[in-house]
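# Coordinate analysis (summary)
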Amino acid sequence: MCGFIGIVDDASVSGLLSMSLQALQHRGQDSCGIFTYDGAHFPGHRGLGLVKDVFDQRVVDRLVGSAGIGHVRYPTAGSGVLEDTQPFFERRPGLIMAHNGNVTNYEALEALLRERSIHLVSRCDVEPILCLFADEVMGQGSTAHTAEHVVAAIQATVSAVKGAYSVVFVMEVDGRPTLVAFRDSHGIRPAVVGRAGNAWCVTSESVALDALGYSLVGDLAPGEVMFFRAGEEPERHLLEVRLSTPCVFESIYFSRPDSVELGRTIYERRLDLGTRLARHFKARGLQADRVIPVPDTSRPAAIAFGEELGLPCREGFIKNRYSGRTFIMGSQAGREAAVRLKLNLIRSEFEGQRVVIIDDSIVRGTTIRRLVKSVWEQGPTEVHVAIHAPPVLHPCFYGIDMSTEAELAAPDYLKAPPREGGPSIEEQRAMEERWAEDLGVDSLTFLNVRGLDTVFPASRCAACFDGVYPQPVSEAHKQAIVRDRTCARPPN
Ligand code: SF4
């Protein structure tokens, strides 16, 4: 998962890019970068770590130009190394590009490019998109690239690239610095457009626009290409219209609550999820004295859960905002100390109480296990866990970091292999009971896949919950992901 922003204006954009990347920092903390265009050169800077550590005034002042792109990265393909850090630059035709998403036919694209004597230097999957597009636009046979050339090159690129992606790039089009954005035909990964005065901006989340004081114009449509130039109305081209299937996990977990997607704040969606979850909890005949959210994502759902059941919602977990990385520790005691450093508990909120802990999702199952252990140490009389999402039963191939079946905890608690459409109410109930027993809690409640219907549009990607993938994924790519993940990061 990543975050991007592209801006075109009359004045220098590097200061705005570095500021807005801080608003997008939750989308990726491994590395970040900014490239700009001043009409002749493409100065850039990329580094490993947080935006505030990679960019200082001296670096930002060096990045001159009235058009540019910024990116924060969390690696779902490739690794956390500098070569994989975006944006990427291509000398011919003179182009900078960044994206959010996952290419699901990377191996086929790599082979296609090799046939054209083009070799990739990273494992970052924006690179094949960039190389393919650059080759296509150069193949138009002119050095004066027109919007028509660019649209034709994008059309050829998206016909070859499978997966979920929102892409931004800057190049000279019709003799002017131009910001261009396009989105896959299903619109799985988000992209919103904003403006202020003569400036235009495209970004992963509207919070970046808020940080800059830009107003939100709307979402980039699936399959749409937009050209932006300072002081002009954007030029729109629709390549292909398919069913829009935005990712529901963005609203459940990933996006900031103050972001707006498809006309609604993520905060409102999380309130709705909490209300639905409370009804499930009540329908099971379960009771509690208080609701305690696991910070930060699940707070809105916990507030709504409490309101629906007439229960107080209290803070019981305190996050240490200043803890940095904890280093690999050999002993169990060392590992537990590292967890306590990041999240401490307020004993008075748990002791003698029947508590229901609200969390956003369970993927690998190790965090919730540690959490439950520390909750019991505070002396509650009952511990219930309620999750404001359905169980994650299938991998995500579209850019969220859960891309192999082996890393998911939920399938282990189903009697039969997960099937398309999600488990029935009865199957899910049995799964919850088995898992609650294993976890050592009084109950575990998830939303059912059908519980998403009142919160999200009918047309959506919820494949990690129901196994219905809007874009097919080849077996070769699934195998490649498994190989890539053998040296993957530690579980959470
Ligand atoms: S599979 Fe899940 S996480 Fe991946 S895009 Fe679809 S809804 Fe989002």
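Residues numbered from 1 in each chain as written. Predicted model: local features only at pLDDT ≥ 70, side-chain atom pairs only at ≥ 80, totals over all residues.

## Regarding the sheet that holds strand S12 (residues 224-228)
Put simply, the test is: Pairing between strands is defined by DSSP: at least two bridges between them are needed. The secondary structure listing takes helices from DSSP runs of H or I that are at least 4 residues long and strands from runs of E that are at least 2 residues long, numbered from the N terminus. Convention adopted: a line fitted to C-alpha atoms gives each axis, helices being fitted over their contacting stretch, and angles between N-to-C directions are expressed from 0 to 180 degrees. Remark: residues whose backbone-derived C-beta atoms lie within 7 Å of one another are considered to be in contact.
Read from one edge of the open sheet, six strands run S5-S6-S7-S8-S12-S13, paired in antiparallel fashion. Strands at the two margins of the open sheet, each flanked by one partner only, are strand S5 (88-90) and strand S13 (235-238). When the angles between neighbouring strand axes are averaged without regard to direction, this sheet yields 20 degrees. Where S5 and strand S6 (residues 95-103) come together, three bridges link them in antiparallel fashion. The residue bridging Phe 89 from the neighbouring strand is Ile 96, located in S6. Packing against the sheet, helix H5 (residues 126-138) makes contact with S5, S6 and strand S7 (163-173), and its axis sits at approximately 130 degrees to S6. Sheet strands in contact with helix H6 (residues 147-160) are S7, strand S8 (176-183), S12 and S13, and its direction is about 150 degrees off that of S12.

## Side note on the nonpolar core
Our working definition: A set of buried residues qualifies as a nonpolar core if it consists of Ala, Val, Leu, Ile, Met, Phe, Trp, Tyr and Cys joined through C-beta atoms within 7 Å. Residues with at least 20 neighbouring C-beta atoms inside 10 Å of their own are called buried, those with 12 or fewer are called exposed, and the rest are partly exposed, where every C-beta is derived from the backbone. Annotation comment: domain bounds sourced from an automatic or database domain assignment.
Judged by nonpolar contacts, the single largest core of 138 residues is most densely connected at Leu 179 and Ala 181. Mapped onto the domain boundaries, this core takes at least three residues apiece from domain 1 (2-244) and domain 2 (266-485).

## Remarks on the sheet that holds strand S11 (residues 215-219)
Spatial strand order, S3-S2-S4-S1-S10-S9-S11: seven strands in an open sheet with antiparallel pairing. Two strands close off the open sheet at either side, each with one partner strand: strand S3 (44-48) and S11. The average angle at which neighbouring strand axes cross in this sheet is 15 degrees, direction not considered. Sheet topology places strand S9 (residues 192-196) next to S11; four bridges connect them, and they run antiparallel. Bridge pairing links Val 192 to Asp 219 in S11. Helix H1 (residues 14-23) rests against strand S1 (2-8), strand S2 (31-37), strand S4 (67-73) and strand S10 (199-203) of the sheet, and its axis sits at about 20 degrees to S4.

## Side note on the environment of Leu 311
Following the sequence through the fold, Leu 311 ends up in the loop between helix H10 (299-309) and strand S17 (317-319). With 13 residues separating them along the chain, Leu 311 and Ser 298 place their C-alpha atoms 16 Å apart. Residues contacting Leu 311, with those up to four places away along its chain left out, are Ala 288, Asp 289, Arg 290, Val 291 and Gly 306.

## Comments concerning H10
Of the residues making up H10, those classed as buried are Pro 300, Ala 301, Ala 302, Ala 304, Phe 305 and Gly 306. Note on H10: the residue one or two positions beyond its end, Gly 310, has a positive phi of about 70 degrees.

## Description of helix H9 (residues 266-283)
Threshold: Multiply 1.5 Å by the residue count of a helix minus one, and that product is the helix's expected span.
Look at H9: 26 Å from first C-alpha to last across 18 residues, which is about the 26 Å you get at 1.5 Å a residue. Among the residues of H9, Ile 266, Arg 269, Arg 270, Leu 271, Asp 272, Leu 273, Gly 274, Arg 276, Leu 277, Ala 278, His 280 and Phe 281 are the ones counted as buried. Immediately beyond the C-terminal end of H9, within one or two residues, lies Gly 285, with a positive phi of roughly 75 degrees.

## Quick look at unusual backbone geometry
Cis peptide bonds are those with omega within 30 degrees of zero, and the linkage from Gln 86 to Pro 87 qualifies with 0 degrees. By secondary structure assignment, the location of Pro 87 is in the loop between S4 and S5. Residue Asp 296 is bonded to the preceding Pro 295 through a cis peptide linkage, with omega at 0 degrees. By the secondary structure assignment, Asp 296 is in the loop between strand S16 (290-293) and H10. Its identity as a non-glycine residue notwithstanding, Ser 117 has a phi of 60 degrees, on the positive side. A positive phi angle, near 50 degrees, is found at Leu 262, a position not held by glycine. Along the chain, the position of Leu 262 falls in the loop between strand S14 (260-261) and strand S15 (264-265). Given 15 C-beta atoms within 10 Å, Leu 262 falls into the partly exposed group.

## Digging into the domain arrangement of the chain
When its domains are assigned, the chain resolves into domain 1 (2-244) and domain 2 (266-485). Inter-centroid distance (C-alpha atoms) of domain 1 to domain 2 is 33 Å. Counting residues at the interface gives 18 residues for domain 1 and 16 residues for domain 2. If you list the elements that add at least two residues to the side of domain 1 that touches domain 2, you get S6, helix H4 (106-115) and S7. Ranked by residue count, the leading element in the side of domain 1 that touches domain 2 is S6, at three residues.

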